[in-house]
Amino acid sequence: MINTLSILIPTYNNVCIELVKSLQAQASLLSSSSETRSSSQESSSCFEYEILVADDGSTDKGTVEENRIINTLPHCRYIEREENVGRAAIRNFLAQEAKYPWLLFIDSNMNIISQQYLADYQREKENDVIYGGYQIKRDAETRERLRYNLRYIFESAGTQNGNHLQRQANPYADFHTSNFIVKRNIMLRYPFDERFIHYGYEDVLWGKNLKDNHISILHVDNPLGYEHFIGNMSFIRKTEESLHTLYQFRTELQGYSRIISYAGKLKRCRLYPLCQHLFPLLSLPIKARLTGNKPSIFLFNIYKLLYYIHLDI
């Protein structure tokens with residue numbers, strides 16, 4: 001059982017008080033129940049925890065002010081950092097600050113959807129890394145409300161993240177940093193690559209690093225909820241930022257990106273120069289379609305491939 005846990009939440013310009021309150025309530029209940037068991041069974045160990053939230057140089061001062069309430073909650077600490085160091089470095093910082101041998105990393109824009117979330121992790125068999133996955137709402141009301149939202153359509157098309165058995169078939173490729181447990185000594189030995197300052201792919205390279213060093217990933221059915229879907233243009237900008245990251249680290253990520261693979265096939269077919277010239281002609285019409293009322297995943301994938309290829313000019 002996992003009885004000592006540092007819950008680590010990196011955040012940037014995001015109010016995450018409700019997430020922390022939900023986690024603290026579950027952790028407090030586990031701690032109380034384990035103390036009761038310990039009083040009657042000497043061999044039982046108590047559940048000990050801490051919740052650390054590290055603010056990665058947020059520019060929204062109102063958000064920072066609201067998140068300071070976290071410091072008033074038991075076993076919780078809100079750490080304010082003046083400089084934005086990026087998604088990789090802030091996670092490494094949290095791992096160094098943590099005091100317990102097991103680390104649970106959670107993205108600050110996730111939601112608790114199970115009252116047994118921490119208890120289910122506590123009961124899991126020990127493994128180097130445990131990934132619980134995430135899920136989105138697929139009810140009729142949500143689908144109708146977000147039917148024009150590109151990010152929601154994109155997430156809805158990716159069915160494998162909701163099925164831990166499908167993920168386990170390809171454990172290193174189907175790993176994300178939104179909801180995972182890792183042994184602290186492994187995290188300190190194999191930290192995230194801090195060259196990843198901008199958005200995207202730091203989790204992919206970390207998964208590759210784990211595979212190269214024979215660190216196992218266990219996929220389990222213990223998801224968090226993802227319900228914050230940014231607008232279409234904002235999502236496209238985020239995607240473009242991630243493609244710059246992918247291009248910057250294309251050598252290290254070879255074999256871990258379909259976009260790199262497809263770009264390689266186009267090169268071998270001598271269609272690469274044509275695609276480079278097509279991007280200026282097609283980018284605006286495709287973006288207009290993606291930000292309109294009929295966004296298409298097919299066109300979105302075409303746009304990503306053309307955008308990546310045009311970076312090679």
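Shown above is the structure to which this text applies.
Residues numbered from 1 in each chain as written. Predicted model: local features only at pLDDT ≥ 70, side-chain atom pairs only at ≥ 80, totals over all residues. Heavy atoms only, no water.

## Concerning the sheet that holds strand S1 (residues 4–11)
Spatially, 7 strands are ordered S3-S2-S1-S4-S8-S6-S9 in an open sheet, and the strand pairing comes out mixed. Strands at the two margins of the open sheet, each flanked by one partner only, are strand S3 (76–81) and strand S9 (217–219). The average angle at which neighbouring strand axes cross in this sheet is 20 degrees, direction not considered. Across 6 bridges, the pairing between strand S2 (residues 48–56) and S3 is parallel. Note that in S3 the partner of Leu52 across the bridge is Arg77. Sheet contacts for helix H3 (residues 87–97): S1, S2, S3 and strand S4 (102–106); angle to S2, the most-contacted strand, approximately 145 degrees. (Pairing = 2+ DSSP bridges. Helix = DSSP H or I, 4+ residues; strand = E, 2+ residues; numbered from the N terminus. Axes fitted to C-alpha atoms, helices over the stretch in contact; angles between N-to-C directions. Contact = heavy atoms within 4.5 Å.)

## Details of the environment of Gln166
If you trace the backbone, Gln166 turns up in helix H7 (residues 164–168). Here Gln166 falls in the partly exposed class, since its relative accessible area comes to 42%. Along the backbone, Gln166 and His219 are 53 residues apart, and their C-alpha atoms lie at a distance of 9.0 Å. (Buried < 20%, exposed > 50% of the residue type's maximum accessible area, 1.4 Å probe, protein only.)

## A look at the state of the cysteines
Overall, the coordinates contain 0 disulfides when judged by the stated rule. As a non-bridged cysteine, Cys46 has Cys76 as the owner of its nearest cysteine sulfur, 18 Å distant. Of all cysteine sulfurs in the structure, the one in Cys16 sits closest to Cys76, which takes part in no disulfide; the separation is 10 Å. (Disulfide = S-S within 2.5 Å.)

## Remarks on helix H11 (residues 258–268)
Buried residues of H11: Ile259, Ile260, Ala263, Gly264 and Leu266, and no others. Projection of H11 onto a plane perpendicular to its axis shows the buried side chains occupying an angular sector of 160 degrees, all on one side. The outward face of H11, more than 90 degrees from its buried face, is lined by the exposed residues Arg258 and Arg268. Of the surrounding elements, those touching the buried residues of H11 are helix H10 (232–248), helix H12 (272–290) and helix H13 (297–310). For H11, the capping residue at the N-terminal end is Ser257, with a side-chain oxygen 3.2 Å from the backbone nitrogen of Ile259. Among the residues trailing H11, Arg270 stands out with phi positive, at a value near 60 degrees. (Arc of directions from axis to C-beta. Polar contact = N/O pair within 3.5 Å; in protein donor to acceptor, adjacent residues only side chain to side chain.)

## Describing the sheet that holds strand S10 (residues 224–226)
Sheet architecture is open: 3 strands sit in the order S5-S10-S7, paired in mixed fashion. Both edges of this open sheet fall to strand S5 (110–111) and strand S7 (134–135), since each of them pairs with a single strand only. Note: S7 against S10, 2 bridges, orientation parallel. In the strand pairing of S10, Gln135 is matched with Gly225.

## Focus: the packing of aromatic side chains
By the definition in use, this model includes 19 aromatic pairs. When the ring of Phe105 is compared with that of Phe180, the centres are 5.1 Å apart and the planes differ by 10 degrees; the resulting orientation is stacked. Of this pair, Phe105 sits in strand S4 while Phe180 is found in strand S8 (residues 179–183), placing the two residues 75 residues apart along the sequence. Here Phe105 and Phe180 have matching classes, each one buried. Relative to Tyr121, the ring of Tyr117 lies with its centre 5.3 Å away and its plane at 70 degrees, an arrangement referred to as edge-to-face. Of this pair, Tyr117 and Tyr121 both sit in helix H4 (residues 117–123), 4 residues apart, which is roughly one turn of the helix. (Phe/Tyr/Trp six-rings, centres within 6.5 Å; stacked < 30°, edge-to-face > 60°.)

## Overview of the nonpolar core
Counting residues in hydrophobic clusters, the biggest one holds 96 residues, and the most contacted among them are Ile106 and Trp206. Here this core takes 8 residues from H13, the largest share from any one element. In contact with Trp206, not counting residues within four places along its chain, are Val129, Phe175, Phe180, Val182, Met187, Tyr190, Pro191 and Phe192. (Core = buried A, V, L, I, M, F, W, Y, C linked by side-chain atoms within 4.5 Å.)

## A short note on unusual backbone geometry
Comment: phi is negative for the bulk of residues other than glycine, and the bulk of peptide bonds are trans. With a phi close to 75 degrees, Tyr201 is a non-glycine residue in the positive phi region. Mapped onto the fold, Tyr201 is located in the loop between helix H8 (184–189) and helix H9 (202–212). For Tyr201, a relative accessible area of 19% gives the class buried.

## What to know about the pattern of salt bridges
One pass over the structure, following the stated rule, counts 16 salt bridges. Among the salt bridges present, the one from Glu202 reaches Arg87, with a minimum N-O distance of 3.1 Å. Here Glu202 is found in helix H9, whereas its partner Arg87 is found in helix H3, with 115 residues between them in sequence. A relative accessible area of 3% places Glu202 in the buried class. For Arg87, a relative accessible area of 28% puts it in the partly exposed group. With a closest N to O distance of 3.7 Å, Lys287 and Glu240 form a salt bridge. Residue Lys287 is found in helix H12, and its partner Glu240 is found in helix H10; the two are separated by 47 residues along the sequence. Take Lys287 and Glu240: they sit in the same class, and that class is buried. (Salt bridge = Lys/Arg side-chain N within 4 Å of Asp/Glu carboxyl O.)

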